[in-house]
Amino acid sequence: PDQGTRSCFEIGRRQYEAAKSIFNGQILQRLPGSSVVSSFHTFVNLSSYTFLSPFDASRTVRTCSAALGYSFAGGTTDGPGAFDFTQGTNDSDDNSPALKNPLWILARDFIHDPSDEQIVCQHPKPILLDVGAATRPYSWSPNIVDIQLLRAGPLVIIVAPGEATTMSGRRWRNALSAAAPSILDIDNPVIVLGGPANTYGHYIATEEEYGAQRYEGASTLYGSHTLEAYINLTLTYLPYLGTKSEVEKLPTLPAGPSPPINANN
């Protein structure tokens, strides 16, 4: 088999072995602590969400309307793209054949010509597909995404609408682990990241990975602060996983903007 097939088989084998171990009870454990079972779900429009960075409260950052970069078409190591697209292409890469190819610029502008503001917001990603603004026959990618957490005692499950990289997942889990003891009175929280679910918001890379603009960074739709936005939102709404009496004291959880319904399209 080719490299891509071998890679897929190996990834599948590892997932199977881990799931089998859990099913057989080898690493299954009873989680001590609170018996609270709770959840919340809301929507947010990430086309222009401004907030204080959860990593540095002195920084005000924002997200952008969804866009895919040139390295998205470059593919990955085990599944390279076609034509002249390569990974690691940023908006100042003078050596990228794809960036100099007028065919791709023509194709991009035919789908949707990104605004100057969008180009600046997505830096250093050179925009290949301005998918958040492409609406024929309907939106190509969502700007409105789900924010959802589930809780069973000390177990908190992040229901992510995208595919988090390993480091993004680690930072997201660490942020909730640090906040849960004081906000939810959980001494030893167990944070699990699951996704993609509800909708598909492509990848969730760290700011550093976004700067490298390999496949994962180019596929992170909402700009370099995408991960920070998800962390900030889940931290903001974390109190809604409290006990019934605690949640009743909070303002009503905002439903957020309604996503488009394309079931008949």
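Residues numbered from 1 in each chain as written. Predicted model: local features only at pLDDT ≥ 70, side-chain atom pairs only at ≥ 80, totals over all residues. Heavy atoms only, no water.

A.B. asks: Sorry if this is basic, but what is going on with the state of the cysteines here?
C.D. replies: Working definition of a disulfide: a covalent bond connecting the sulfur atoms of two cysteines. Taken as a whole and judged by the stated rule, the model has one disulfide. Cys64 shares a disulfide with Cys121; S-S distance 2.0 Å. Given an S-S torsion of about -90 degrees, the disulfide between Cys64 and Cys121 has left-handed geometry. In this pair, Cys64 sits in the loop between β3 (60–62) and β4 (68–69) while Cys121 sits in helix α5 (residues 116–122), placing the two residues 57 residues apart along the sequence. Of the two residues, Cys64 and Cys121, neither departs from the other in class, the shared state being buried. (Disulfide = S-S within 2.5 Å. Helix = DSSP H or I, 4+ residues; strand = E, 2+ residues; numbered from the N terminus. Buried < 20%, exposed > 50% of the residue type's maximum accessible area, 1.4 Å probe, protein only.)

A.B. asks: Is there a simple way to explain helix α9 (residues 226–237) in this structure?
C.D. replies: Since one α-helical turn is 3.6 residues long, residues separated by three or four positions face the same way. Helix length check: α9, at twelve residues, gives a terminal C-alpha distance of 17 Å against a target of 16 Å (1.5 Å per residue), a fit within 8%. In terms of burial, α9 is largely enclosed, as ten of its twelve residues are buried. Tucked into the core, α9 has its buried residues touching β1 (37–45), β2 (50–52), β8 (144–152), α6 (166–184), β12 (203–204) and α7 (207–212). (Expected span 1.5 Å × (residues − 1). Contact = heavy atoms within 4.5 Å.)

A.B. asks: Which parts of the structure should I look at to understand the nonpolar core?
C.D. replies: Membership of the largest hydrophobic core comes to 41 residues, with the highest contact counts inside it found for Leu46, Trp172 and Tyr230. Looking at this core, the elements with two or more residues in it are β1, β7 (127–129), β8, β9 (155–159), α6 and α9. Ignoring any residue separated from it by four or fewer positions in sequence, one finds Trp172 in contact with Ile158, Ala160, Leu193, Ile204, Leu227, Tyr230, Ile231 and Thr234. (Core = buried A, V, L, I, M, F, W, Y, C linked by side-chain atoms within 4.5 Å.)

A.B. asks: What am I meant to see in the packing of aromatic side chains here?
C.D. replies: Overall, the coordinates contain six aromatic pairs when judged by the stated rule. Ring geometry for Phe40 versus Tyr237: centroids 5.9 Å apart, planes at 65 degrees, classification edge-to-face. Linking Phe40 in strand β1 with Tyr237 in helix α9, this pair joins segments that are 197 residues apart in sequence. Residue Tyr237 is classed as buried on the basis of its relative accessible area, which comes to 16%. Ring plane angle 85 degrees and centroid distance 5.5 Å describe the contact between Tyr203 and Tyr215, whose orientation is recorded as edge-to-face. Linking Tyr203 in strand β12 with Tyr215 in helix α8 (residues 215–218), this pair joins segments that are twelve residues apart in sequence. (Phe/Tyr/Trp six-rings, centres within 6.5 Å; stacked < 30°, edge-to-face > 60°.)

A.B. asks: How do you make sense of the side chain of Asn143 when you look at a structure like this?
C.D. replies: Considering the arrangement of structural elements, one finds Asn143 in the loop between β7 and β8. In terms of polar contacts, Asn143 uses its side chain to reach the side chain of Ser65, at 3.4 Å. A distance of 3.2 Å separates the side chain of Asn143 from the backbone oxygen of Gly132, its partner in a polar contact. Setting aside its immediate chain neighbours within four residues, Asn143 contacts Val44, Asn45, Leu46, Ser47, Ser65, Ala66, Gly132 and Tyr222. (Polar contact = N/O pair within 3.5 Å; in protein donor to acceptor, adjacent residues only side chain to side chain.)

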